[in-house]
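Below are the chains, spelled out letter by letter.
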Amino acid sequence: MGQQDHDLRLYVAGTGAKSLRAIQIITRLCETELFGRYQLEIVDVYRHPARAVEDQIVAIPTLIKRAPGAIKRLVGDLSQEARVRTGLGLAA
Amino acid sequence: MTEGAQPDRLSLLLVEDSPADVYLVREAMRREGLRVHWDIADDGEWAIRMIDEVDSNASTPCPDVMLLDLNVPRCTGDEVLERIRRSPRLAHTPVVIMTSSESLDDRDRLMKLGATEYFRKPSNLREFMKLGRLVREVHERSVPLK
Amino acid sequence: MQVSEKNQVERIAELEQRLAEAEETLEAIRQGDVDAVVINGPTGEQVYALEGPDHPYRILVEEMHQGTVTLDPDGLVLYCNRQFAAMVQTPVESVIGSQIHQYLTQDDAAAFSALIAAAAGGHSQGELNLLAGNDQLVPVLLSLNKLEVSGIQNLCAVITDLTEARRNEAIVKEEQLSRLILEQTAEPVIVIDARGKILRAGEAARRLAGSNVLFQDFGVAFPIFDQDGPVTVSRLVSDVRSQNALRSVEVNMSTREGRAYALLLSASPLWSPGRELLGCVLTLTDITGRKRAEEALARQAEQLAQSNSDLRQFAYSASHDLQEPLRHLAIYTELLQQRYAGKLDPEADQFIERTIDAAHRMERLLRDLLAYTHAADAPQGDAASVDANSVLAKVLATFEQHIAKENAVITSGPLPVLCVHEVHLSQLFQNLISNSFKYHGNAPLKLHIWADGADDGTWRLSVEDNGIGIDGRYHQQVFGLFKRLHGSSRYTGNGIGLAICQKIVQRYGGKIWVESTSGEGSIFRFTLPGKESAHAKA
């Protein structure tokens, strides 16, 4: 993975509606904007509750951008594409 | 050698159980002109007893010829014949076997046991009467031995 | 001061960010923009869902036997359960967020698209293959449902692995075939395992056992025994092991209900690839009927033999014991004749004469009867091959004087080699030729003897004469015992010659008959086995 590659982690909760939406939006954005220069890990806190501690997750879904740049966390309505773009540091 | 009880009579011991045949045998001797002193046993056991008597009592006269029917009650003709040939006094007495059997095996066997002649009882008169001549011949042949 | 300032600035920026994020989190929660919160509970991190008590359903979805995925309309996997991930041999985390098309071949992708289109109506279902991580194809049944949650259209698919079902189908088909075979075969067929438990039994086997024998011990269901005692499973198995198969072994079975059977047992082993005995396939052929018939036949033959023996004894006794009084009858009548001929009234002589005749005739009858009884008796040993030509020559030699006296002409064709006792063939020729001489007409006797053969090795011999012939009405009668067609004043004889011929010929499985017309001679024909005939017997 290159220096400028995005390292993303998305915490979801099973089939929660917002979680599913988040997966959809973020995956699509990554494919269209980042062209493979990304790593997206999707963690289901129902399956792995302990992992929520790693990133101090409280609310689900939460997207963590670990690279590039400073760690950024995005919580809440991730269905808004514009918001996600900003959160990922992509052009609006 | 002792002779018959009456020198001019032939002493015959006939072992035969059928009265009809006894008559015919006597008739045959008669037609042959033989004068006979008859001793008749109608079963094998009686015949053997008679032989025993002859053997045990020297004064009992011996028969000159024996006529033995094979088919008598009690002991078989074979047994009587054997007894005869064992007897010291009768061992050489001529024995004429009489039978209605046509078996050749019988004839051989009996000749081996010591029978002198074998006479098959015929069913016509003329043939039966030939027995008389047979007995005469058999007796005449045996006389030189005495 | 600048460094610490810088640090402080940075620190403030960081704090501001964290604050912003915290506020954001709180805001999100307050706004209801979250599905769940994660809280550190007594047993570790626990997830609290904010939307309804879905816990049991979650467990169901996660644990259920089928695979399930939630897809967006373009096929992006938003969620999948453990089962699906296992199906496609890929970790769950990698499946989520991937495209479903990753797990489809080109052909199946088309099928999938079709299913999605069909799901527009709410639900669709179809069979296709999933491409698993190890490149294996997994046959599945895909059941698609449209799922609208909070205004968002997704698809929910339930995936059922058909591998097992397919395999079972194949097995079931095979099962059905072998079951069909098993059921239809008329022979009782039983499959047992190495310990004797009945795994399969056809209809015929169940009928034989009288009950449903499935899973029963073979020895209990079929109590069979042979001359060495009960045939136990262990004996059976060890025999099969050592001989690799049993073929048509005769056994008997006595069921609990008291029915007895005679059976032929055949057994074939079933080996595993590792040469371990898995079991046996057994057939039990019911030969009870056949055995009973054989036994009945044997009994019948025995009875027949006994009956024959009795008859023979009777005939022998009769003729033998009757001879004695007959002899006396004849002789005494002669004595009467001798003594009283001409001395009684005129007819008396005739009476006596007739009595004597009668007695003599009776004697001859008895002798002939005796001869007839023994006519076809076998001399020692089996029938050998005899050259009929030489036998005929010997018989003709005994007729030399007759031939000369009558100016008879006797010819013969080449005769075959026959499989009969010489004495019997001799008797046949003797009787037939004698008859020809007896019943010849005015012309000198002309006799011709020849033979022709049939396909099966039997020969037909013919004795043809130019004698007085026999009217068709009597063609059967002449072969009867003591049957005569002429009074004794014209022709002598007791009428036994042909009866004896018939008895002899029948002994060899042949036939004898006459072709003749009154006044035009006769042909006597009889069949006998040749050297290689199927009829030839001792």
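No experiment lies behind these values; they were computed from the predicted model shown.

The rules behind the values
Residues numbered from 1 in each chain as written. Chains lettered and ligands numbered in written order. Predicted model: local features only at pLDDT ≥ 70, side-chain atom pairs only at ≥ 80, totals over all residues. Helix = DSSP H or I, 4+ residues; strand = E, 2+ residues; numbered from the N terminus. Buried ≥ 20, exposed ≤ 12 C-beta atoms within 10 Å, placed from the backbone. Contact = placed C-beta atoms within 7 Å. Nonpolar A, V, L, I, M, F, W, Y, C, P; charged D, E, K, R; others polar. Pairing = 2+ DSSP bridges. Axes fitted to C-alpha atoms, helices over the stretch in contact; angles between N-to-C directions. Expected span 1.5 Å × (residues − 1). Core = buried A, V, L, I, M, F, W, Y, C linked by C-beta atoms within 7 Å. Domains from an automatic or database assignment. pLDDT = per-residue confidence, 0-100. Parallel < 35°, antiparallel > 145°, perpendicular 65-115°, else oblique. Left-handed = near helix turned anticlockwise from the far one by under 90°. Right-handed = clockwise from strand over helix to strand, strands pointing away.

### Observations concerning the overall build of chain B
Stage number 1. Scanning chain B from N- to C-terminus turns up five helices and five strands.
Stage number 2. Starting at the N terminus, the α and β elements of chain B follow one another as β-α-β-α-β-α-β-α-β-α.
Stage number 3. Across the 146 residues in chain B, those meeting the buried criterion constitute 32%.
Stage number 4. Across chain B, the fraction of contacts at a sequence separation of at least 24, relative to all contacts at a separation of at least 6, is 72%.

### A closer look at the overall build of chain C
Stage number 1. Counting secondary structure elements, chain C contains 15 helices and 21 strands.
Stage number 2. Partitioning the contacts of chain C with sequence separation of at least 6, the portion at a separation of at least 24 is 52%.

### With respect to the interface of chain B and chain C
Stage number 1. Opposite the eight residues of chain B that make contact, chain C presents 10 residues.
Stage number 2. Residue assignment for the side of chain B that touches chain C shows that the elements contributing at least two residues are helix 1 (19-32) and helix 5 (125-142) of chain B.
Stage number 3. When grouped by side-chain class, the residues that make up the side of chain B that touches chain C number four nonpolar, three polar and one charged.

### Observations regarding the sheet that holds strand 16 (residues 409-412) of chain C
All names here are of chain C.
Stage number 1. Judged by pairing direction, the sheet is mixed, and its five strands sit side by side in the order 16-18-19-21-20 without closing on themselves. Among the strands making up the open sheet, the edge pair consists of strand 16 and strand 20 (512-516). Neighbour-to-neighbour, the strand axes of this sheet turn through a mean angle of 15°, independent of strand direction.
Stage number 2. Here strand 20 runs beside strand 21 (residues 522-529); their pairing, made up of five bridges, is antiparallel.

### Observations concerning helix 5 of chain B
Stage number 1. Here helix 5 of chain B is 18 residues long and its end C-alpha atoms lie 27 Å apart, about the 26 Å a rise of 1.5 Å per residue gives.
Stage number 2. Turning to helix 5 of chain B, its buried residues number three or more, namely Leu125(B), Phe128(B), Leu131(B), Gly132(B) and Val135(B).
Stage number 3. On its buried face, helix 5 of chain B is in contact with helix 1, strand 3 (65-69), strand 4 (95-99) and strand 5 (117-120) of chain B together with helix 10 (288-340) of chain C.

### Comments concerning the interface of chain C and chain A
Stage number 1. Counting residues at the interface gives 32 residues for chain C, matched by 30 residues for chain A.
Stage number 2. Per-element accounting of the side of chain C that touches chain A gives the leading share, seven residues, to helix 1 (residues 2-31) of chain C.
Stage number 3. For the side of chain C that touches chain A, the residue count by class is 14 nonpolar, eight polar and 10 charged.

### Some details on the nonpolar core
Stage number 1. Counting 60 residues, the largest nonpolar core has Leu10(A), Ile23(A), Val45(A), Ile60(A) and Val77(C) as the members making the most contacts within it.
Stage number 2. Here this core gets six residues from one element, more than from any other, and that element is helix 1 (residues 17-34) of chain A.
Stage number 3. Two domains each put at least three residues into this core: domain 1 (2-46) and domain 2 (55-161) of chain C.
Stage number 4. Sequence-distant contacts of Val45(A), that is, excluding residues within four places in its chain, are made with Tyr11(A), Ala13(A), Ala52(A), Ile57(A), Ile60(A), Val38(C) and Val47(C).
Stage number 5. Counting residues in each nonpolar core, the second largest holds 39 residues, with Leu12(B), Ile48(B), Val80(B) and Leu110(B) among its members.

### Points about the confidence of the model for chain C
Residue and element names in this part refer to chain C.
Stage number 1. When pLDDT is averaged across chain C, the result is 85; 95% of the residues are at 70 or more.
Stage number 2. Averaged pLDDT values for the elements of chain C fall to 75 in strand 2 (residues 44-49) and rise to 94 in strand 20.
Stage number 3. Residue range residues 534-538 is modelled with pLDDT below 50. Its contacts to residues more than four positions away, or to other chains, number 12 contacts.
Stage number 4. Interface scoring of the predicted complex returns ipTM 0.84; its pTM is 0.48.

### Some thoughts on helix 11 (residues 346-374) of chain C
Residue and element names in this part refer to chain C.
Stage number 1. Taking 1.5 Å of rise per residue, the 29 residues of helix 11 would be expected to cover 42 Å, and the 44 Å separating its terminal C-alpha atoms lies within 8% of that figure.
Stage number 2. Buried within helix 11 we find Ile 356, Ala 359 and Asp 368.
Stage number 3. The inward-facing, buried residues of helix 11 abut helix 10.

### Quick notes on the pairing of strand 5 (residues 123-131) of chain C
Across a regular strand the side chains alternate sides, sitting on one face of the sheet and then on the other.
All names here are of chain C.
Stage number 1. Relative to strand 6 (residues 137-149), strand 5 runs antiparallel, the two sharing nine bridges. Bridge pairing in strand 6 links Gln 125 to Ser 143.
Stage number 2. Here strand 5 folds back onto strand 6 in antiparallel fashion, the turn holding five residues, of which Asp 135 has a positive phi close to 70°.

### Quick notes on the packing of helix 12 (residues 388-398) of chain C against helix 14 (residues 422-438) of chain C
Helix-helix packing is characterised by the crossing angle of the two axes and by the distance between the axes.
Residue and element names in this part refer to chain C.
Stage number 1. Relative to each other, helix 12 and helix 14 sit at 50°, their axes nearing to 9 Å. With respect to helix 14, the element helix 12 is oriented oblique. Note that helix 12 runs across helix 14; the crossing there is right-handed. In this structure, helix 12 uses Ala 388, Val 391, Leu 392, Lys 394 and Val 395 to contact helix 14, whose residues at the interface are Glu 422, Leu 425, Ser 426, Phe 429, Gln 430 and Ile 433.
Stage number 2. Considered class by class, the residues forming the contact of helix 12 with helix 14 number seven nonpolar, two polar and two charged.

### Considering the sheet that holds strand 6 of chain C
Stage number 1. As summarised here, the arrangement of the five strands in space is 4-3-7-6-5 (chain C), forming an open sheet in which the pairing is antiparallel. Taken across any chain shown, the strands that pair with only one partner, and hence form the sheet edges, are strand 4 (77-80) and strand 5 of chain C. In this sheet, adjacent strand axes meet at a mean angle of 30° when their direction is disregarded.
Stage number 2. In this structure, strand 6 of chain C lies alongside strand 7 (residues 152-161) of chain C, joined through 10 bridges in antiparallel fashion. Each residue of the ladder has a partner; that of Val140(C), found in strand 7 of chain C, is Asp161(C).
Stage number 3. Strands strand 3 (67-71), strand 4, strand 6 and strand 7 of chain C of the sheet are contacted by helix 1 of chain A, whose axis makes an angle of about 135° with strand 4 of chain C.

### Here's the deal with unusual backbone geometry
A negative phi holds for most residues other than glycine; trans holds for most peptide bonds.
Stage number 1. The step from Ile60(A) to Pro61(A) runs through a cis peptide bond, and the omega angle for that step is 0°.
Stage number 2. Locating Pro61(A) in the fold gives a position in the loop between strand 3 (59-60) and strand 4 (62-67).
Stage number 3. Geometrically, the link from Ala67(A) to Pro68(A) is a cis peptide bond, its omega value of -10° lying close to zero.
Stage number 4. With phi around 60°, Arg275(C) is a residue other than glycine that occupies positive phi space.
Stage number 5. Locating Arg275(C) in the fold gives a position in the loop between strand 13 (260-271) and strand 14 (277-286).
Stage number 6. Judged by local crowding, Arg275(C) falls into the exposed class, with 6 C-beta atoms found within 10 Å.
Stage number 7. Phi at Asn407(C) takes a positive value of approximately 55°, unusual for a residue other than glycine.

### Examining the pairing of strand 2 (residues 36-41) of chain B
All names here are of chain B.
Stage number 1. Here strand 1 (residues 10-15) pairs with strand 2 via six bridges, running parallel. Bridge pairing links Leu 14 to Ile 40 in strand 2.
Stage number 2. Taking the sense of rotation as the criterion, the β-α-β connection linking strand 1, helix 1 and strand 2 turns out right-handed.

### A closer look at the confidence of the model for chain B
Stage number 1. Residue-level pLDDT values for chain B average 87, and 91% of them are 70 or greater.
Stage number 2. Every residue in residues 1-5 of chain B scores below 50 in pLDDT, and together they form 12 contacts with partners more than four places removed in sequence or on other chains.

### A closer look at the packing of helix 1 of chain B against helix 5 of chain B
Residue and element names in this part refer to chain B.
Stage number 1. Across the interface, helix 1 lies against helix 5 with an axial gap of 7 Å and an inter-helix angle of 60°. In terms of orientation, helix 1 lies oblique with respect to helix 5. For the pair helix 1 and helix 5, the sense of crossing is right-handed. Across the interface between the two elements, Leu 24, Val 25, Ala 28, Met 29, Arg 31 and Glu 32 of helix 1 pack against Phe 128, Met 129, Leu 131, Gly 132, Arg 133, Val 135 and Arg 136 of helix 5.
Stage number 2. Here the contact of helix 1 with helix 5 is built from residues that sort into eight nonpolar, one polar and four charged.

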